[in-house]
Amino acid sequence: MSSPEKVFEALSSTTRRKILAYLRERPLHAGAIADRFDMSKPAVSKHLSVLESAGLIWKKREGQFILYGMEQENLAGHLWTFMQEVCPPSRALRREVRDEMEHDDRAEGSDRSVT
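Along each chain, numbering runs from 1 in the same order as the chain's sequence is written. For a predicted model such as this one, the threshold for reporting local features is a pLDDT of at least 70, and the threshold for listing and counting side-chain atom pairs is 80 or more; totals across whole chains, interfaces and linings nevertheless cover every residue. Note that water and hydrogens are dropped before the side-chain values are worked out from all heavy atoms of the structure.

(A) Up close: the overall build of the chain. A run of H or I in DSSP becomes a helix once it reaches four residues, and a run of E becomes a strand once it reaches two; helices and strands are each numbered from the N terminus. Broken down by element type, the chain carries six helices and three strands. Written out in order from the N terminus, the α and β elements of the chain read α-α-β-α-α-β-β-α-α. Looking at the chain alone, contacts between residues at least 24 apart form 52% of all its contacts between residues at least 6 apart. Carbon together with sulfur atoms contributes 54% to the accessible area of the chain, which is approximately 8000 Å² in total. Any pair of residues with heavy atoms lying within 4.5 Å of one another is described as a contacting pair. The protein chains shown are the only cover counted for residues, whose accessible areas, like all others here, come from Shrake-Rupley with a 1.4 Å probe.

(B) Structural view of helix 1 (residues 4-11). Relative accessible area decides the class of each residue, using a 1.4 Å probe on protein chains only: under 20% of the type maximum gives buried, over 50% gives exposed, and in between gives partly exposed. Looking at helix 1, one finds that the buried residues are Val7, Ala10 and Leu11. The buried residues of helix 1 all sit within an arc of 95° when viewed along its axis, so they share a single face. Where helix 1 is buried, its residues touch helix 2 (14-25), helix 4 (41-53) and helix 5 (72-86). The directions considered for the arc are those from the helix axis to the C-beta atoms.

(C) The arrangement of helix 2 in detail. Helix span is expected to be 1.5 Å times the residue number reduced by one. The terminal C-alpha atoms of helix 2, which comprises twelve residues, lie 18 Å apart, in line with the 16 Å expected from a rise of 1.5 Å per residue. Among the structural elements, helix 1, strand 1 (28-29), helix 3 (30-34), helix 4, strand 2 (57-62) and strand 3 (65-70) are those in contact with the buried residues of helix 2. Capping of helix 2 at its N-terminal end is provided by Ser13; its side-chain oxygen lies 3.3 Å from the backbone amide nitrogen of Thr15. We call two N or O atoms a polar contact when they sit within 3.5 Å, provided that within protein one can donate a hydrogen and the other can accept it, with sequence-adjacent residues counted only if both atoms are side-chain atoms.

Printed below as a string of structure tokens:
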């Protein structure tokens, strides 16, 4: 998995966020992605490379074409981890859930010893 720094660097570009929005709907060939932007194909290729390096998209060669798709789980995971770290209420909630789970585990353990 890529680093949070790479993910947020990739997301800092409006063009790359637009590419992700297109890929969220369905995988697209590189040419179809490039056709949506008023820039050179090598420039779009550079953006795709940054997104791939960050682990936000995948690519698959299909003959002479390259198909790109979004790694939705990676993006969601990075954003969720980020929010957990920067959002103080979420830390308290996470601790509360962890404490409840530990309590439930202890309760199940004591129930098992009774039977």
